[in-house]
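Topology and contacts: notes
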Amino acid sequence: MAPTRKPNDGLLARVNFPLYAIEMLTSRHVLVAGGGGASKTGVANGFEIYEVHHNGEKYVADEVIRHETGPTVVMNLAVKNDEKRTLLMAGQESHCQMYLVNPIITSTDGEVIGGGKSEGSVDGMRKRKNVSYQQSNGQAAGGQTPEQTKGQGKDKQQQQSAPVRKQIRFEIKTGDSIQTDFTELEPLQRVVRISPDGRIMATGGMDGHLRLWNFPKMTLRADISAHTKEIDDLDFSPDSKNVVSIAKDGLGVIWSINPEKESRKLTWNPPEGTRYLLKRCRYGVIEGQKDKHRLFTLANPFAKSGKAKGLLQQWDPESGRLSRVVEIDESLAALAVRDDGRFVAVGTMFSGSVSIYIAFSLQRVLHVPHAHAMFVTGLQFLPVTNFDGPAVTGDTEAAVLSISVDNRVCVHSLQYRHSLPAWVAIFAIVLILFITFCFCSYIGL
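Computed from a prediction, not measured in an experiment: that's the story for all the values here.

Looking only at helices and strands, the chain has 2 helices and 29 strands in total. Split into buried and exposed, the 445 residues of the chain put 49% on the buried side. Of all intrachain contacts in the chain linking residues separated by at least 6 positions in sequence, the fraction that spans at least 24 positions is 52%. On the chain, roughly 22,800 Å² of surface is accessible, and the fraction owed to carbon and sulfur atoms is 52%.

Here's what the structure looks like:
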């Protein structure tokens, strides 16, 4: 039986609008987005950035900035980081809107240290609470002992040499916007993805077209009539050579990018003749094998299929064949794979539950029932291999963030699974051999 969450897990942050999308902005900053739409209900639209850290007892999130997007709700998003900048692509109705997210490193007194231009405060930004730096003598950074006040020059020199506490804030600028879905009635972008090499952006929407864009120029590269119904999800392979698409027409297709053409379909035989629709798709690397990867999908029973269960599926993307399947007691809504490919997380539709599985075997190692009051709209693992800085460290083997239309951001952590120490195993083997030898001697063998 999979363990349940530890008592300190659960609510990480709460916003005042429904949440639909989540991405890691950096190795320590998470971005959540959503909104109430164009209706005049007073519910905002936009996204918020939180810094996540572990305080020794539990995971904590500090709000860094909130950005509102006017009358358009953010339904999906993708983030691309490089050493110079961070680009955020947000699905807002029929368009994909680019935002430039510039990290700015400041001291606790507001002085810009690096990462951006010193242009004063940014409108709408909520700065984190300052924490005084404690010196080795127990005095706060602003306090002085009698010895420190002996002479103005000495005092000034010590102030200049005192360590400065750094914090990160973000400057958000609006960039270009392009229309990505062309349905006649109520066009809507359903999903956006950026290839791992940062050269291509893929979008899918209500018209069933898979559109590939040169990134970050956002010029159209290919327009593929991929599906006859709306696209539910897309994902790029880790080597950026393929993109998989799934839609409400029941098809899952892997597309070759160069040239842009169909490579293979995902083929399988549903149990007991029940009709299933693929819901989510994610690639994952295979640990220790950089050139190989797995593909994971969620599948739900179609319409009135009785008590049929939701499925977590593992595929061989080279052949398009199903490798492993796990049945889950209800329909599934969200899927995530950790950046090192070791764990997979799923979120459910009706109970708002979250579970973590080992990617290789699909063995469930954590189950969090009723993590949310409504269906889970997004999952994101805290990363372990990001290049942009140290990952969040804690006393857990894995941690996944979840969001829902219940306005909550939650964290669910997997405690290290205890295994038998090597010395204990060796001692046990020696002891068993010794007992066996004594027994054989006793009976004269």
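Right, picking up where we left off after that structure.
It is worth spelling out the sheet that holds strand 28 (residues 396–404) at this point. Strand order in the open sheet formed by 4 strands is 1-29-28-27, with antiparallel pairing between adjacent strands. In the strand order of this sheet, the two ends are held by strand 1 (10–14) and strand 27 (376–381), each with one partner. Pairwise comparison of adjacent strand axes, ignoring direction, gives a mean angle of 25° for this sheet. The pairing of strand 1 with strand 29 (residues 408–415) spans 4 bridges and is antiparallel. The residue of strand 29 that forms the bridge with Gly-10 is Val-411.

The UniProt record marks residues 192–214 and 224–265 with the feature "repeat: WD" (unreviewed entry), using the residue numbering of this structure. Spanning residues 192–214, this segment combines 0% helix with 61% strand, and its end C-alpha atoms are found 13 Å apart.

A few words now on the nonpolar core. Core analysis: the biggest nonpolar cluster contains 21 residues, and Leu-12, Val-30, Val-32, Tyr-59, Leu-382 and Leu-401 have the highest contact counts within it. Elements with a minimum of two residues in this core: strand 1, strand 2 (19–24), strand 3 (29–35), strand 4 (45–54), strand 5 (59–68), strand 28 and strand 29. When residues no more than four places from it in sequence are discounted, the contact partners of Leu-382 are Met-24, Val-52, Tyr-59, Arg-338, Val-392, Ala-399 and Leu-401.

All right, on to unusual backbone geometry then. Cis geometry is found at the peptide bond from Phe-215 to Pro-216, where omega equals 5°. With respect to the secondary-structure elements, Pro-216 resides in the loop between strand 13 (210–214) and strand 14 (219–224). In this structure, Pro-259 follows Asn-258 across a cis peptide bond, with omega equal to 5°. Mapped onto the elements, Pro-259 comes out in the loop between strand 17 (252–256) and strand 18 (261–265). In this structure, Met-218 is a non-glycine residue whose phi angle is positive, near 60°. You can see Met-218 is positioned in the loop between strand 13 and strand 14. Look at Leu-362: it is not a glycine, yet its phi comes out positive at around 60°. With a relative accessible area of 5%, Leu-362 lands in the buried category.

Under the counting rule described, the total for this entry stands at 2 aromatic pairs. Judged by centre distance (5.4 Å) and plane angle (75°), the rings of Phe-47 and Tyr-99 are edge-to-face. Highlighted residues: Phe-47 in strand 4 and Tyr-99 in strand 8 (residues 95–107), separated in sequence by 52 residues. The burial state of Phe-47 is the same as that of Tyr-99; both residues are buried. Above the ring of Phe-302, the side-chain terminus of Arg-275 is found at 4.0 Å from the ring centroid.

Here we come to the sheet that holds strand 20 (residues 289–301). Spatially, 4 strands are ordered 19-20-21-22 in an open sheet, and the strand pairing comes out antiparallel. A strand with exactly one partner marks an edge of an open sheet, and here the two such strands are strand 19 (276–286) and strand 22 (321–328). Taken pair by pair, the neighbouring strands of this sheet meet at an average axis angle of 20°, ignoring direction. Examined bridge by bridge, strand 20 and strand 21 (residues 310–316) share 5 bridges and lie antiparallel to one another. What sits directly across from Thr-297, in strand 21, is Gln-313.

Before going further, it helps to spend a moment on the pairing of strand 4. Extensive coverage of strand 4 is indicated by the burial of 9 of its 10 residues. Bridge count between strand 3 and strand 4: 7 bridges; the pairing is antiparallel. Bridge pairing in strand 4 places His-29 opposite Glu-51. Where strand 4 lies against strand 5, 9 bridges are found, and the strand directions are antiparallel.

Let us look at a nonpolar patch on the surface. On the surface, Phe-427, Leu-431, Phe-434 and Ile-435 cluster together into a nonpolar patch covering about 430 Å² of accessible area. Within the fold, Ile-435 resides in helix 2 (residues 422–442).

This next bit is on a negative patch on the surface. Taken together, the side chains of Asp-239, Asp-291, Asp-316 and Glu-318 make up a negatively charged region of the molecular surface. As for its placement among the helices and strands, Asp-239 is situated in the loop between strand 15 (231–236) and strand 16 (242–247).

Moving on to the confidence of the model for the chain. For the chain, per-residue confidence averages 84 on the pLDDT scale, and residues scoring 70 or more make up 81% of the total. Within the model, pLDDT remains below 50 along residues 117–151, and this stretch shows 50 contacts once partners closer than five positions in the same chain are excluded.

All right, on to the environment of His-367 then. With respect to the element layout, His-367 can be found in strand 26 (residues 364–368). Considering only alpha carbons, one finds His-367 and Leu-414, 47 residues apart in sequence, at a separation of 9.4 Å. There is a polar contact of 2.8 Å between the side chain of His-367 and the side chain of Ser-355. Within the structure, His-367 has its side chain in polar contact with the side chain of Arg-364 (distance 3.4 Å).

About the cut-offs
Residues numbered from 1 in each chain as written. Predicted model: local features only at pLDDT ≥ 70, side-chain atom pairs only at ≥ 80, totals over all residues. Heavy atoms only, no water. Helix = DSSP H or I, 4+ residues; strand = E, 2+ residues; numbered from the N terminus. Buried < 20%, exposed > 50% of the residue type's maximum accessible area, 1.4 Å probe, protein only. Contact = heavy atoms within 4.5 Å. Areas by Shrake-Rupley, 256 points an atom, 1.4 Å probe, with all protein chains shown as cover. Pairing = 2+ DSSP bridges. Axes fitted to C-alpha atoms, helices over the stretch in contact; angles between N-to-C directions. UniProt positions renumbered as here; feature names shortened; annotations may be inferred. Core = buried A, V, L, I, M, F, W, Y, C linked by side-chain atoms within 4.5 Å. Phe/Tyr/Trp six-rings, centres within 6.5 Å; stacked < 30°, edge-to-face > 60°. Lys NZ or Arg CZ within 6 Å of the ring centre and 35° of its normal. Patch = residues over 30% accessible without salt bridge, like charges linked within 9 Å, V, L, I, M, F, W, Y side chains within 5 Å. Salt bridge = Lys/Arg side-chain N within 4 Å of Asp/Glu carboxyl O. Lys, Arg positive; Asp, Glu negative; His and termini not counted. Charge placed at Lys NZ, Arg CZ, Asp CG, Glu CD. pLDDT = per-residue confidence, 0-100. Polar contact = N/O pair within 3.5 Å; in protein donor to acceptor, adjacent residues only side chain to side chain.

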